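The chain contents come next:
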Amino acid sequence: MKSIFKTAVLVIVLLIMPASCIGQAKMFKSVASMPDVTSVYIGPAAMRFAQVSSVLDNDKVAADAVKSIKSLEVISCDETKRIPAVAAQAQKIIDEMKLDVILETRDDGEVCVIYGHISEDNPEYLESLLIVSREDDDEYNLVYINGKININELMDDYR
């Protein structure tokens, strides 16, 4: 019975998702439209479905985290000749976002930078999480989570 309900909810979400995604603000839209770039955008409707799915699986921590996430964008490029242009265009947008560097690692040609904004009003929340990973000029990946993530709730799940 539970799997029938999940399947029905999935079908409904897939039917309404195209209409709900029209006009959604994609932060990295200009990067996603560049040649040799693979992109995925998950809008608010699909994020609501993820919340329902988490509740059905009795995963309260995930349900609470997903509830405050508005959208998710993933950008990927593995064409060596295109990576510098893709990275430059993405960096322009990142600079405009005025996020803080939370973590930066460099190891043998691989760079990973995690950006975010810690709310001044509520420091347990991380807003607008952005992860950028680049491996020399072989691969460029970017993951942008638009919304609020309660750091304490996520950490409680791993303690």
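In the block above lies the structure referred to throughout.
Residues numbered from 1 in each chain as written. Predicted model: local features only at pLDDT ≥ 70, side-chain atom pairs only at ≥ 80, totals over all residues. Heavy atoms only, no water.

**Notes on unusual backbone geometry**
So, point 1. With a phi angle near 65°, aspartate 36 is a residue other than glycine that sits in the positive phi range.
So, point 2. Tracing the sequence through the fold places aspartate 36 in the loop between helix H2 (29–32) and strand E1 (38–42).
So, point 3. For aspartate 36, a relative accessible area of 37% corresponds to the partly exposed category.
So, point 4. Positive phi outside glycine occurs at aspartate 136, with the angle close to 45°.
So, point 5. By secondary structure assignment, the location of aspartate 136 is in the loop between strand E5 (125–135) and strand E6 (139–150). (Helix = DSSP H or I, 4+ residues; strand = E, 2+ residues; numbered from the N terminus. Buried < 20%, exposed > 50% of the residue type's maximum accessible area, 1.4 Å probe, protein only.)

**Comments concerning the packing of aromatic side chains**
So, point 1. Applying the stated criterion to the full structure yields 1 aromatic pair.
So, point 2. Plain terms: the ring middles of phenylalanine 28 and tyrosine 144 are 5.8 Å apart, the flat faces sit at 70° to each other, and that makes the pair edge-to-face. Placement of phenylalanine 28 in the loop between helix H1 (2–21) and H2 and of tyrosine 144 in strand E6 is noted, with a sequence separation of 116 residues between them.
So, point 3. With relative accessibility at 0%, the residue phenylalanine 28 sits in the buried group. (Phe/Tyr/Trp six-rings, centres within 6.5 Å; stacked < 30°, edge-to-face > 60°.)

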